[in-house]
Amino acid sequence: MSEKILRYSLLEKYYQQYLADEISANFIQSISELYTIETLKRMYRDGDRILRRAAILALGFLGDFSVNETLGLALSDTDRGVRMLADHGIRTIWERQGVPQEQIKLRRLYRLNDCDLFDEACNLADELLARNPQLSEAWNQRAIAYCALGHFEAAIEDCRETLACNRYHFPAAMGMAHCSLQLDDPQSALDGFRLALQINPDLDLVRQQVFQLEQSLGPE
C-alpha cells in the first residue's frame, strides 16, 4: 500500500471511529499528529465523499481562518453530509480570526451581544476594528448590535463590510436582508437572501423567504 493510500485510509478510519464514539478529543489528537492543514485541504479537494467529510470535520476542529476558503467552497459540495459539516465548521473558524488577543476580545464581543449589552458591544467592536479592519466577525457583531438598537442602515453597512472581508459570511447576507425588511425595502431584502442562498444553498428558511418575497414583488 502506498503512503498516500495509507494516509487516506487512516483519515477515514479515524473519522469512522469518531462517528462511533463521538469523542472529539481522540479524533483531534489522532489527526493533528498525522496531517497538516494543507494536507487536509488537499484531501478535501481530491477525496471521495467519505474522505471529504473527514477532511472538512478535521479542518473545522483544527483550522484557523486560513481554511475559510476551503470550508466556504464546501458549503456547496455535492454531498449533503459535507455541506452540514462545513456549515458547522466555518462558523467555528470565524471565531479564530486575528491574533490571540483579538480572538479573546471577539469572544467577549459575542458574550456582550448574547447578554443584550449592545452599546458595550459597539464600543468593543469599534476598538477591534480600529486596530484590525479585516476582522470580519467584529464587523458582523457590530452589525448585530446596531440592528438590535434599531440602527438598521448602519447595520447594513457593517454587513457589507463583513462580506467584503469574508465572502462566505452568509449570516451577514441574511442580516442585511432582515435589516432591509425593517426599512421596508423588500427588493434589497430579496437580494440579501438570494446572496445568502448562493453562499449556502441549504438554508431552507431563507429559501422560503426568497419564495415569499418573489411572490409579493412579482416578475422582475
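Further up the page is the structure itself.
Here we take up the overall build of the chain. The secondary structure content of the chain amounts to 13 helices and 0 strands. Starting at the N terminus, the α and β elements of the chain follow one another as α-α-α-α-α-α-α-α-α-α-α-α-α. Its C-alpha atoms put the chain at 60 × 45 × 30 Å along the principal axes. A burial count over the chain gives 47% of its 220 residues as buried. Long-range pairs, those at least 24 residues apart, make up 58% of the contacts in the chain between residues at least 6 apart in sequence. Only carbon and sulfur atoms are counted for the fraction: they give 51% of the accessible area of the chain, which is about 11,500 Å². Positive and negative side-chain charges of the chain, numbering 23 and 33 respectively, have mean locations separated by a distance of 7 Å.

Per the counting criterion, the structure on display carries 4 aromatic pairs. Their ring planes at 45° and their centres at 5.5 Å tell us that Tyr-18 and Phe-27 sit as a pair that is tilted. Considering the side-chain rings of Tyr-18 and Phe-61, the 6.0 Å spacing of their centres and the 80° angle between planes classify their relative orientation as edge-to-face. With Tyr-18 in helix H1 (residues 3-21) and Phe-61 in helix H4 (residues 49-62), this residue pair connects regions lying 43 residues apart in the sequence. Tyr-18 gets classed as buried once you look at its relative accessible area, which sits at 18%. Classification of Phe-61 by relative accessible area gives partly exposed; the value is 28%. These aromatic residues form a ring-pair network of at least three members: Tyr-18, Phe-27 and Phe-61.

In this section: the environment of Arg-96. Structurally, the position occupied by Arg-96 is in the loop between helix H6 (80-94) and helix H7 (100-114). Separated by 33 residues in sequence, Arg-96 and Gly-63 have C-alpha atoms that sit 8.4 Å apart. Among residues more than four places away in sequence, those in contact with Arg-96 are Leu-59, Gly-60, Phe-61, Leu-62, Gly-63, Asp-64, Phe-65 and Gln-103.

Quick look at helix H13 (residues 204-217) now. For H13, built from 14 residues, the straight-helix expectation of 20 Å at 1.5 Å per residue is met to within 8% by its first-to-last C-alpha distance of 20 Å. For H13, the full list of buried residues reads Val-206, Val-210 and Leu-213. What you see down the axis of H13 is that its buried residues fit within an arc of 70°, all on one side. Facing away from the buried surface of H13 by more than 90 degrees, the exposed residues are Leu-205, Phe-211, Gln-212, Gln-215 and Ser-216. At its buried positions, H13 is contacted by helix H11 (170-182) and helix H12 (186-199). Just downstream of H13, Gly-218 is the residue with a positive phi angle, here 80°.

Evaluated as defined, the whole model comprises 12 salt bridges. Across the salt bridge formed by Glu-127 and Lys-105, the nearest N and O atoms sit 2.4 Å from each other. With a gap of 22 residues between them, Glu-127 in helix H8 (residues 118-131) and Lys-105 in helix H7 connect regions that are remote in the sequence. The shortest N-O distance in the salt bridge between Asp-126 and Arg-142 comes to 2.6 Å. Here Asp-126, found in helix H8, pairs with Arg-142, found in helix H9 (residues 136-148); they are 16 residues apart in sequence, far enough to count as distant. Note on Asp-126: relative accessible area 34%, which makes it partly exposed. In this structure Arg-142 comes out as buried when scored by relative accessible area, which is 12%.

Calculation criteria
Throughout, a residue's number is its position along its own chain's written sequence, starting from 1. The predicted nature of this model means local features are confined to residues of pLDDT at least 70 and side-chain atom pairs, given and counted, to a pLDDT of 80 or more, with totals for whole chains, interfaces and linings taken over all residues. Computation of side-chain values covers all heavy atoms of the structure but excludes hydrogens and water. Put simply, DSSP H or I for four residues or longer makes a helix, DSSP E for two residues or longer makes a strand, and each gets a number counted from the N terminus. Only protein chains enter the calculation, and the probe is 1.4 Å; a residue is then buried if its accessible area is under 20% of its type maximum, exposed if over 50%, and partly exposed in between. Two residues qualify as a contact provided that any one of their heavy atoms is within 4.5 Å of a heavy atom in the partner residue. All accessible areas in this document rest on Shrake-Rupley with a 1.4 Å probe, and a residue is counted as covered only by the protein chains that are shown. Note that His is not counted, nor are the chain ends; the positive residues are Lys and Arg, and the negative ones are Asp and Glu. Note on charges: their place is set at NZ of Lys, CZ of Arg, CG of Asp or CD of Glu. When two rings of Phe, Tyr or Trp (its six-membered ring) have centres within 6.5 Å they constitute a pair, described as stacked for plane angles under 30 degrees, edge-to-face for angles over 60, and tilted for the intermediate range. A helix is expected to reach a length of 1.5 Å times the quantity of its residues less one. Relevant arc is that of directions from the helix axis to the C-beta atoms, nothing else. We define a salt bridge as a contact between a side-chain nitrogen of Lys or Arg and a carboxyl oxygen of Asp or Glu at a distance within 4 Å.

These values are about where atoms sit, not about what they do.
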